[in-house]
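# A closer look at the structure
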Amino acid sequence: MIGLYVQHDTLRAVDIDRKSNGYVLNAAAEQPVHLPVSDRLRQFTDDEAHEYLHNFSASLQALLSVKGFSSKEIAIAIDVRNAFIHTVPFDGDFSSENIKRLIEWELHHYFPDIASDAFLFDTYNPGFNPAKDLSPKFIYTAVLRPYIHVLQRGVRSAGMKLLSINVDQFAIEKILKLATMGKKQERLNAVCFRTNDILYCSLLWNHRLVRYREYLLNNVYSPDKRLEMFLASLIGPKKNIEQRIYYHPFDTTITKSAETNTGWKFDRFKPFDNLQLTRKAKRNIPDSIIAQEGYAPAISVALNDK
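Residues numbered from 1 in each chain as written. Predicted model: local features only at pLDDT ≥ 70, side-chain atom pairs only at ≥ 80, totals over all residues. Heavy atoms only, no water.

Moving on, we come to the sheet that holds strand β11 (residues 208–216). Taken in spatial order, the five strands of this open sheet run β11-β10-β9-β12-β13, and their pairing is mixed. This sheet does not close on itself; its edge strands, each paired only once, are β11 and β13 (265–267). Between one strand and the next, the sheet's axes are offset by a mean angle of 25 degrees, whatever the strand orientation. Bridge count between strand β10 (residues 198–205) and β11: eight bridges; the pairing is antiparallel. Residue pairing across strands places L204 opposite L209, the latter belonging to β11. Across the face of the sheet, helix α7 (residues 252–262) comes into contact with β12 (242–248) and β13 while running at roughly 140 degrees to β13. (Pairing = 2+ DSSP bridges. Helix = DSSP H or I, 4+ residues; strand = E, 2+ residues; numbered from the N terminus. Axes fitted to C-alpha atoms, helices over the stretch in contact; angles between N-to-C directions. Contact = heavy atoms within 4.5 Å.)

Quick look at the structure:
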């Protein structure tokens with residue numbers, strides 16, 4: 001299975017096999033690419049779509065030519081900034097027609113200049129929530145169809161079978177779950193991605209998404225203050241529950257104050273730690289810990305069918 005992490009300027013890919021004694025990493029590589037700029041959802045012209053498809057196809061082919069890549073199945077993680085994500089209170093009617101009607105109304109409200117049917121969307125039912133929210137809620141992600149079509153067509157042109165597309169923020173639970181296999185303690189994980197002046201935060205209860213928030217960062221609200229706000233909004237029992245913060249890119253300037261003020265512990269993504277590495281793959285893994293963390297979404301979606 002190939003896991004592919006797609007950002008506007010970089011593709012990162014891994015090839016992973018499941019064996020009887022664990023997971024084997026056969027290959028890892030990255031390649032520059034030119035795709036729609038993240039954090040700006042907009043329609044693009046036919047000429048732009050053709051250019052993006054050409055660039056994506058060329059970069060993907062270059063990745064797949066690296067020794068060790070052999071699988072014909074691929075799962076994709078996209079940058080959270082290429083999606084619109086919202087948490088919606090509603091009447092509890094999870095019928096497909098009601099969900100579709102509600103999401104399309106929301107999208108028309110937030111993007112009045114874009115037809116609601118220009119989006120593809122997926123939903124997440126938080127289910128059990130340790131925060132004990134009383135009103136029913138669900139989380140949805142919406143991505144513009146032309147962007148998804150570029151990825152789908154590029155994968156087909158490479159002779160690959162596309163199995164899934166997910167948002168990096170919501171795909172990451174797979175590697176966290178792999179790291180805790182065999183451990184019975186219940187856990188809360190806060191997964192936070194910072195990009196420029198936005199902090200994207202999700203909460204996982206035993207590896208299941210239960211909450212999502214986006215925070216604007218400025219001179220008043222620094223990353224550590226926003227993180228404390230996110231964690232302070234959680235109520236309910238936390239005794240004997242492991243509480244960890246995964247913050248990317250890792251920021252040592254906020255760890256001490258945040259740990260002191262929240263009682264949670266910081267941790268790093270260690271995407272390669274629970275994989276067996278072939279010699280070829282080992283040679284291609286970057287030495288930098290930060291660069292290794294950049295492969296976490298690719299590895300996580302590669303475990304999607306495992």
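Following the structure, the description resumes.
Moving on, we come to a nonpolar patch on the surface. Residues V220, Y221 and M229 make up a contiguous nonpolar surface patch of roughly 260 Å² in combined accessible area. Within the element layout of this structure, V220 appears in the loop between β11 and α6 (223–232). (Patch = residues over 30% accessible without salt bridge, like charges linked within 9 Å, V, L, I, M, F, W, Y side chains within 5 Å. Areas by Shrake-Rupley, 256 points an atom, 1.4 Å probe, with all protein chains shown as cover. Salt bridge = Lys/Arg side-chain N within 4 Å of Asp/Glu carboxyl O.)

Take the nonpolar core next. With 69 residues, the main nonpolar core has L4 and F56 as its most contacted residues. Broken down by element, this core gets its largest block of residues, seven residues, from helix α1 (residues 46–64). In contact with F56, not counting residues within four places along its chain, are L4, V6, L11, V33, L35, V150, L151, G154 and V155. Core analysis: the next-biggest nonpolar cluster, separate from the first, contains 22 residues, L199, L203, I241 and A258 among them. (Core = buried A, V, L, I, M, F, W, Y, C linked by side-chain atoms within 4.5 Å. Buried < 20%, exposed > 50% of the residue type's maximum accessible area, 1.4 Å probe, protein only.)

This next bit is on the state of the cysteines. Simply put, the disulfide is a covalent bond whose two ends are the sulfur atoms of two cysteines. Evaluation of the coordinates by the stated rule reveals zero disulfides. Just so you know, C192 is unpaired, no disulfide at all, and the nearest cysteine sulfur is the one on C201, 3.2 Å from it. The exposure class assigned to C201 is buried, which follows from its relative accessible area of 0%. (Disulfide = S-S within 2.5 Å.)

Between H248 and P249 the backbone carries a cis peptide bond, its omega angle lying at -5 degrees. Looking at where P249 falls in the secondary structure, it is placed in the loop between β12 and α7. Positive phi outside glycine occurs at N206, with the angle close to 50 degrees. Among the structural elements, N206 can be located in the loop between β10 and β11. Residue class for N206 comes out partly exposed when judged on its relative accessible area of 32%.

What follows covers the packing of aromatic side chains. Tallied over the full model, the rule gives 14 aromatic pairs. Pairing F84 with F111 gives two aromatic rings, centres 5.2 Å apart and planes at 85 degrees, and the pair type is edge-to-face. Highlighted residues: F84 in strand β5 (residues 84–89) and F111 in the loop between α2 (96–110) and β6 (119–124), separated in sequence by 27 residues. Comparing F84 with F111, the two get one shared label, buried. An angle of 10 degrees between the planes, with centres 5.6 Å apart, marks the rings of Y246 and F269 as stacked. With Y246 in strand β12 and F269 in the loop between β13 and β14 (276–277), the pair connects residues that are 23 residues apart, well separated along the chain. Judged by its relative accessible area of 9%, Y246 falls in the buried class. When its relative accessible area of 4% is taken as the criterion, F269 is described as buried. Three or more aromatic residues link up through ring pairs in this structure, and these residues are F84, Y110, F111, F119, F138 and Y140. A cation over an aromatic ring shows up here: R226 above the ring of Y221, its NZ or CZ 3.9 Å from the ring centre. (Phe/Tyr/Trp six-rings, centres within 6.5 Å; stacked < 30°, edge-to-face > 60°. Lys NZ or Arg CZ within 6 Å of the ring centre and 35° of its normal.)

A few words on the environment of L234. Along the chain, the position of L234 falls in the loop between α6 and β12. The spatial distance from the C-alpha of L234 to the C-alpha of T180 is 23 Å, given a sequence separation of 54 residues.

In this section: the pattern of salt bridges. Pairs can form between side chains of opposite charge once their charged atoms are near each other. Considering all chains together, one arrives at nine salt bridges under this definition. Salt-bridge contacts for E242 lead to R244; the nearest nitrogen and oxygen are separated by 3.4 Å. You can call R244 partly exposed: its relative accessible area is 25%. Here E293 makes a salt bridge to R268, at a shortest N to O gap of 2.9 Å. Taken together, the residues span a long stretch of sequence, with E293 in helix α9 (residues 289–293) and R268 in the loop between β13 and β14 at a distance of 25 residues. One network of salt bridges, with partners in common, ties together R187, E242, R244, D267 and K270.

So yeah, pure geometry; function would need other evidence.
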